[in-house]
Amino acid sequence: MNNIQSIRLFIPELIIVVTILIGIIADLIYSRQKSFKVGYWILGGLILSLFAVLMHDEHNVLTLFTDMVTLDPFAVLLKTIILISTILVVIISRYNNEFNNYRTGEYHILIAITVFGMMLMVSAVDILLIYLAIEIVSIMSFVLAGYLKQNKRSNESALKYVIYGAFSSGLMLFGMSILFGMTGSTKLYLIANSLAQLGPASNFAMIIALVLILAGFAYKISVVPFHFWTPDVYEGAPTTITAFLSVAPKAAGFAVLIRFFHIVFGDAGAMQAGNWITLTDIPWGQILALLSVLTMTLGNVVAIQQSNIKRMLAYSSIAHAGYMLMVIPVLSTESIFAIAFYIFVYTIMNLGAFFVVIAVKNDTGGETFDDYTGIGWRMPLIGIIMTIFMFSLTGLPPTAGFIGKFYLFAALIKGGTQFYWLAFVGVINSVISLYYYMRVVKVMYFDGDSQKELARPVLPITSILIVLAFTTILFGIYWAPLSDWIRNSLIFYISSL
Amino acid sequence: MDNLQVYLIIAALLFSLGLFAVITRRNAIAVLMGVELILNAANLNLIAFARFGGMNITGHIFALFVIVLAAAEVAVALAIILNIYQNFNSINVDEAQQLKQ
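Conventions we followed
Residues numbered from 1 in each chain as written. Chains lettered and ligands numbered in written order. Predicted model: local features only at pLDDT ≥ 70, side-chain atom pairs only at ≥ 80, totals over all residues. Helix = DSSP H or I, 4+ residues; strand = E, 2+ residues; numbered from the N terminus. Rg over C-alpha atoms; globule rule 2.2 N^0.38 Å. Buried ≥ 20, exposed ≤ 12 C-beta atoms within 10 Å, placed from the backbone. Contact = placed C-beta atoms within 7 Å. Axes fitted to C-alpha atoms, helices over the stretch in contact; angles between N-to-C directions. Parallel < 35°, antiparallel > 145°, perpendicular 65-115°, else oblique. Nonpolar A, V, L, I, M, F, W, Y, C, P; charged D, E, K, R; others polar. Core = buried A, V, L, I, M, F, W, Y, C linked by C-beta atoms within 7 Å. Expected span 1.5 Å × (residues − 1). Left-handed = near helix turned anticlockwise from the far one by under 90°. pLDDT = per-residue confidence, 0-100.

A. Region of the structure containing the overall build of chain A. Tallying secondary structure elements over chain A gives 20 helices and two strands in all. By the compact-globule yardstick of 23 Å for 497 residues, chain A fits well, its C-alpha radius of gyration being 22 Å. Buried positions account for 59% of the 497 residues belonging to chain A. Relative to all contacts within chain A whose residues are 6 or more apart in sequence, the contacts with residues 24 or more apart total 80%.

Now the structure itself:
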């Protein structure tokens, strides 16, 4: 579809762009005390955009802007997840005490730009646009991580993020330049066509190109050995931003990864288990399986030793990236369904856990395990909700986390006997994770004295937490509508020749 | 100087130098310079491939976008480093150690 025709189908993104411009102008008008009102404009724009995304007629695969962007049900699904999580983060940001002495107008504008980048990320089918979208998201995230300018920890997290981020995207770009040279195109489906015709003489260059591109994706979803930025950035950044970074860009990163593998490595949409085009004689599937094992094991084992809850949740998010990466080697419809389902569930429960951290930090001013002693008695509702999220993150029934993990392992088992060992490692890792998630519950209920007075977090935080906890339980008991919706959304753009 | 290989070798050298700078330098500005070298190596690759591969203009367009993005990235990175200097009185990457390992 050409550029003029595409605009009509690009309305959700255009709404975000207009919202960003309105936000920038509004921020000039509002005084310092009223700067937070920019957030209301951004919130309105995001909600409008969510409606525009959902209004899109499903089961309709299109490419926009001369094959730069695709509009398929998979992109719609991911955009929905991204917009919902961002809306929740924007609402909670208003009640986060960390921002008390700061102007928050720019903060909301930066979040809106990040959303724009992520919406491009999930729908890009051209390596030029993939690179641009990843950079938009990264550059805005650097600023957001360092938003608390007077806070040394926030500064340091921004520095580490910018160095790792710029370095990894540089590696990815160099890989893309080689891939472009080998195949003569930037469009993914043309690249896939040319790759099938390359001879063994080009193996060495292809291996370098693909490893470098994978490094860029691995950084985005924090896979070992590109995870080093994650704990520091998650600990130092404002907690709302930590919550945001741990779900939305990660979902977008997985979408890019799935699209790239699906089009470039997959057998033109045949989606048979293990049916990888044997590019360059290297077993890419096994390499990814090994990376996923390393990622979840490192995430879980290091999370045990943490004394800071935010840092513990950072390592836990690395572990969850490992669980999701685990089924990518299967490369079947079932495995992509499992990842999409898990992304949705993970978004809900991880946002919830970080929102609890915000509620507790507003009350006690800290985020270590010591600050959580007796929270279960001091804030009874928050205690119960945090317990639900911890159960769900571990993957215990009757929570949505259990269903998500169940689908992941089911996809592995269906993939064939060569994936059984992966499922085994995954289960062992879930058991390890039980220890540190339950430690939070233990500290909240059984440590310290229970004679403290009651504390009451502000109503909006409580109500959002109740909704998230309720959803977590609901999808653990009755998940058929969710799984049907996701299953119907797994229609990919393959090629348009 | 009129074949593809020369340009690719120079690009690979630039890439390696950039990688070396990022890994060994402790000064944040020097690390950024290493990243710039990597980006420019990629640019050189893109343009050389587009010129000698008999391809269309895509490679040139790609390189233009990369130049713009590199400028944006450096602007943000320098702002963050300036902020680090005000708070830590140093731009040494190793001295920013508030967050425990």
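B. Local environment of the overall build of chain B. When helices and strands are tallied, chain B shows three helices and zero strands. When the helices and strands of chain B are read in sequence order from the N terminus, they spell out α-α-α. Overall, chain B is about 50 × 25 × 25 Å in size when its C-alpha atoms are taken along their principal axes. A buried classification covers 35% of the 101 residues belonging to chain B. A separation of at least 24 residues holds for 46% of the contacts in chain B among residues at least 6 apart in sequence.

C. Fine view of the packing of helix α17 (residues 400-414) of chain A against helix α19 (residues 459-477) of chain A. Residues and elements named next belong to chain A. Where α17 contacts α19, the two axes come as close as 6 Å, and the packing angle between them is 45°. Comparing their axes, α19 and α17 come out oblique. Contacts from Ala400, Phe402 and Ile403 in α17 reach Thr472, Phe475 and Gly476 in α19. Residues that form the contact of α17 with α19 fall into these classes: four nonpolar, two polar and no charged.

D. Focus on the interface of chain A and chain B. Across the contact, 32 residues belong to chain A and 34 residues belong to chain B. Of all the elements in the fold, those that place two or more residues in the side of chain A that touches chain B are α6 (127-145), α7 (152-183) and α10 (229-236) of chain A. No other element matches the 19 residues that α7 of chain A contributes to the side of chain A that touches chain B. When the residues that make up the side of chain A that touches chain B are grouped by side-chain class, the tally is 16 nonpolar, nine polar and seven charged.

E. Structural view of the environment of Ile84 of chain B. Within the secondary structure, Ile84 of chain B sits in helix α3 (residues 58-88). Residue classification places Ile84 of chain B among the buried positions, given that 24 C-beta atoms sit within 10 Å. Residues Ile84 of chain B and Met55 of chain B lie 29 residues apart in sequence; the distance between their C-alpha atoms is 44 Å. Those residues in contact with Ile84 of chain B that lie beyond four places of it in its chain are Asn155 and Leu159 of chain A together with Ile91 and Ala96 of chain B.

F. Spotlight on the nonpolar core. Residue and element names in this part refer to chain A. Judged by nonpolar contacts, the single largest core of 218 residues is most densely connected at Met121, Ala252, Tyr342 and Val356. With 21 residues, the top contributor of residues to this core is helix α14 (residues 333-364). Val356 has contacts with Ile382, Ile385, Met386, Phe389 and Leu465, leaving out every residue within four places of it along the chain.

G. Region of the structure containing helix α9 (residues 203-220) of chain A. Residues and elements named next belong to chain A. Between the first and last C-alpha of α9 there are 26 Å, a value that for 18 residues agrees with the 26 Å anticipated at 1.5 Å per step. Where α9 is concerned, the buried positions are Met206, Ala209, Leu210, Leu212, Ile213, Leu214, Ala215, Gly216, Phe217, Ala218, Tyr219 and Lys220. Its buried side turned inward, α9 meets α6, α7 and α11 (239-265). One or two steps after α9, the chain reaches Ser222, where phi turns positive at roughly 50°.

H. Representation of helix α4 (residues 73-93) of chain A in the model. The end-to-end C-alpha distance of α4 of chain A, which contains 21 residues, comes to 30 Å, matching closely the 30 Å that a straight helix rising 1.5 Å per residue would cover. The element α4 of chain A is extensively covered by neighbouring structure, given that 17 of its 21 residues are classed as buried.

I. Quick look at the packing of helix α13 (residues 309-326) of chain A against helix α18 (residues 420-446) of chain A. All names here are of chain A. Axis separation between α13 and α18 bottoms out at 11 Å; the angle between their running directions is 165°. Of the possible angle classes, the one that applies to α13 and α18 is roughly antiparallel. The two elements α13 and α18 meet at a crossing, and its hand is left-handed. Counted together, Ile309, Met312, Ser316, Ala319, Tyr323 and Met326 of α13 and Leu422, Gly426, Asn429, Ser433, Tyr436 and Val440 of α18 form the full contact between these two elements. When grouped by side-chain class, the residues that make up the contact of α13 with α18 number eight nonpolar, four polar and no charged.

J. Geometry of unusual backbone geometry. Residue and element names in this part refer to chain A. Residue Pro225 is reached from Val224 by a cis peptide bond, and omega for that bond is 5°. One can find Pro225 in the loop between α9 and α10. One non-glycine residue, Asp67, lies in positive phi territory at about 65°. Looking at where Asp67 falls in the secondary structure, it is placed in the loop between β1 (62-64) and β2 (69-71). Given 19 C-beta atoms within a 10 Å radius, Asp67 is considered partly exposed.

K. Highlighting the environment of Thr242 of chain A. All names here are of chain A. Counting through the fold element by element, Thr242 comes out in helix α11. The buried category is assigned to Thr242, around which 28 C-beta atoms lie within 10 Å. Taking the C-alpha atoms as reference points, Thr242 and Phe355, 113 residues apart in sequence, are found 10.0 Å from one another. Excluding anything up to four places from it in sequence, Thr242 contacts Tyr234, Ala237, Lys310 and Phe354.

L. Highlighting the confidence of the model for chain A. Across chain A, the average pLDDT comes to 89, with 95% of residues at 70 or higher. Taken together, the stretch residues 268-274 of chain A has pLDDT below 50 and engages in 17 contacts with residues farther than four places along the chain or on a different chain.

M. Examining the environment of Ala192 of chain A more closely. Residue and element names in this part refer to chain A. Structurally, the position occupied by Ala192 is in helix α8 (residues 188-197). The sequence separation of Ala192 and Ile263 amounts to 71 residues, and the corresponding C-alpha distance is 6.6 Å. Those residues in contact with Ala192 that lie beyond four places of it in its chain are Ile263 and Val264.

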